[in-house]
Amino acid sequence: MAADAGLPLNENVVWHPHPVTRQDREALHKHQGAVLWFTGLSGSGKSTLAGALEQALHQRGVSTYLLDGDNVRHGLCRDLGFSDDDRRENIRRVGEVARLMVDAGLIVLTAFISPHRAERQLVRDMLPAGRFIEVFVDTPLAVCEARDPKGLYQKARAGELRNFTGIDAVYEAPQRPDLHLDGEQLVTNLTGRLLDLLDERVIIES
Ligand SMILES: Nc1ncnc2c1ncn2[C@@H]1O[C@H](COP(=O)(O)OP(=O)(O)OP(=O)(O)O)[C@@H](O)[C@H]1O
Ligand SMILES: Nc1ncnc2c1ncn2[C@@H]1O[C@H](COP(=O)(O)OS(=O)(=O)O)[C@@H](O)[C@H]1O
């Protein structure tokens, strides 16, 4: 049975096994299910890269879904803000959704700052071994701040936005990511590195 995210389970709720398995669904898709978990500062390039990779995979006939922080906060996580507790709950929910999607046999791309190591580890522990691929989009704070496409760093520096990651809220960089990307390189090069990794891990076959 899958990891429990530390939450208690009602003792009267019993897991019901079903005849069609993840392996059956993966055989239909002709690739494995996995999560590519992009983490990095706001403006580091997570959404851009995840979008470019999804496009490349889609063109190869791979079944994908992209979960993007800004978009998920329009619906599933609309009630959450940016306190440590809310970010934790944000990542827990997204982890559970990603887990279901991997069970459906999809390649899931997630673009969340996900600043805490413990939450990223929690999601890794929820998934079957080898199916959580942590991608660190490593872009210096100064570069993210210069990009500032939504003007949020400017607001944070002006004190109009509190708890902003990298300014007055923590970002814990991965210590041993599955892939460590220099976020200042060309998107096409970075997308190539990601496709190579999926090939190497036999998640997809070229
Ligand atoms: N490799 C790159 N080289 C140059 N510019 C990039 C690169 N990747 C992304 N950008 C640009 O940086 C800006 C931020 O990118 P993006 O929105 O993908 O970041 P993000 O990490 O998803 O941020 P957020 O967490 O705020 O959603 C955009 O203007 C994008 O065009
Ligand atoms: N205080 C804040 N810190 C970081 N991002 C913020 C903040 N307020 C608004 N945002 C916006 O919300 C997005 C981050 O959302 P998430 O990726 O969902 O964050 S996370 O920390 O909980 O993983 C950023 O892209 C940014 O546009």
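As a reminder, the structure under discussion sits directly above these lines.
The structure reproduced in this document is the subject of the present report. Counting of residues starts from 1 at the beginning of each chain's written sequence and follows it residue by residue. All chains are assigned letters beginning with A, and all ligands numbers beginning with 1, in the order in which they are written. In view of the model being predicted, local features appear only for residues whose pLDDT reaches at least 70, and side-chain atom pairs are presented and counted only at 80 or more, with totals across whole chains, interfaces and linings using the full set of residues. Values shown for side chains rest on all heavy atoms present in the structure; no hydrogens or waters enter the calculation.

## Some details on the nonpolar core
For clarity, the threshold we go by: For the purposes of this section, nonpolar cores are sets of buried Ala, Val, Leu, Ile, Met, Phe, Trp, Tyr and Cys residues that join through side-chain atoms within 4.5 Å. When accessible area is computed with a 1.4 Å probe and restricted to protein chains, residues below 20% of their type maximum are described as buried, those above 50% as exposed, and intermediate ones as partly exposed. A run of H or I in DSSP becomes a helix once it reaches four residues, and a run of E becomes a strand once it reaches two; helices and strands are each numbered from the N terminus. When checking whether two residues touch, look at their non-hydrogen atoms; a contact exists if any pair is within 4.5 Å.
The biggest cluster of nonpolar side chains holds 24 residues, and the ones touching the most others in it are L36, F38, L53, L57, V135 and L194. For this core, the secondary-structure elements that each account for two or more residues are strand 1 (34-39), helix 2 (46-59), strand 3 (107-111), strand 4 (132-138), strand 5 (179-182) and helix 8 (187-200). What F38 contacts, discounting residues up to four positions off in sequence, is K46, L49, A50, L53, L109, T110, A111, F112, S114, V135, V137 and L194. Formed by 17 residues, the second largest nonpolar core is a distinct cluster that contains W37, C77, V94 and V108.

## A closer look at the side chain of D148
Our working definition: When charges are counted, neither His nor the chain ends are considered; positive counts come from Lys and Arg and negative counts from Asp and Glu. Criterion for a salt bridge: a side-chain nitrogen of Lys or Arg within 4 Å of a carboxyl oxygen of Asp or Glu. In protein, a polar contact requires one atom able to donate a hydrogen and another able to accept it; more generally it is a pair of N or O atoms within 3.5 Å, and residues adjacent in sequence count only if both atoms are side-chain atoms.
By the element assignment, D148 lies in the loop between helix 6 (141-147) and helix 7 (152-157). Buried within the structure, D148 lacks any salt-bridge partner; its nearest side chain of opposite charge belongs to K150, at an N-O separation of 8.2 Å. Within the structure, the side chain of D148 is placed 3.0 Å from the backbone nitrogen of Y153, a separation counted as a polar contact. In this structure the side chain of D148 is engaged in a polar contact, spanning 3.0 Å, whose partner is the backbone nitrogen of Q154. With sequence-adjacent residues up to four places away left out, D148 is seen in contact with Y153 and Q154.

## Focus: the site of ligand 1
Here is the rule we go by: For each residue, the test is whether any non-hydrogen atom lies within 4 Å of the molecule or strand; if one does, the residue is near. For accessible areas, the Shrake-Rupley method is used with a probe of radius 1.4 Å. Any residue's cover is judged against the shown protein chains and nothing else. Side-chain classes follow a simple rule in which Ala, Val, Leu, Ile, Met, Phe, Trp, Tyr, Cys and Pro form the nonpolar group, Asp, Glu, Lys and Arg form the charged group, and the remainder, Gly included, forms the polar group.
Within the structure, ligand 1 sits among 16 residues, and S42, G43, K46, S47 and T48 are positioned closest to it. K46 is positioned with one of its side-chain polar atoms (N or O) 2.8 Å from an oxygen atom of ligand 1. When ligand 1 is considered free in solution it has 640 Å² of accessible area, and contact with the protein chains removes 73% of it. Here the shell around ligand 1 takes 3 residues from helix 2, the largest share from any one element. Among the residues making up the shell around ligand 1, the classes are represented as 4 nonpolar, 8 polar and 4 charged.

## Thoughts on the site of ligand 2
Of all residues adjacent to ligand 2, which total 17 residues, the nearest are R73, R87, N90, S114 and K150. In this structure, I113 approaches ligand 2 through a main-chain N or O atom, which is 3.0 Å from an oxygen atom. Taking 550 Å² as the accessible area of ligand 2 by itself, protein coverage stands at 92%. Looking at the shell around ligand 2, the elements that each hand over two or more residues are helix 3 (69-72) and helix 4 (84-103). Counting residues per element, the shell around ligand 2 draws most heavily on helix 4, which supplies 3 residues. In terms of residue class, the shell around ligand 2 is built from 7 nonpolar, 5 polar and 5 charged.

## Describing the pattern of salt bridges
Evaluation of the coordinates by the stated rule reveals 15 salt bridges. R88 is the salt-bridge partner of D85, the closest N and O atoms lying 2.7 Å from each other. In this pair, D85 and R88 are both assigned in helix 4, 3 residues apart and thus about one turn of the helix distant. Under the relative-accessibility criterion, D85 is labelled exposed at 52%. By relative accessible area, which is 38% here, R88 ends up partly exposed. Through salt bridges with shared partners, a single ionic network connects D79, E89, R92 and R93.

Purely spatial values, then, with no claim about function.
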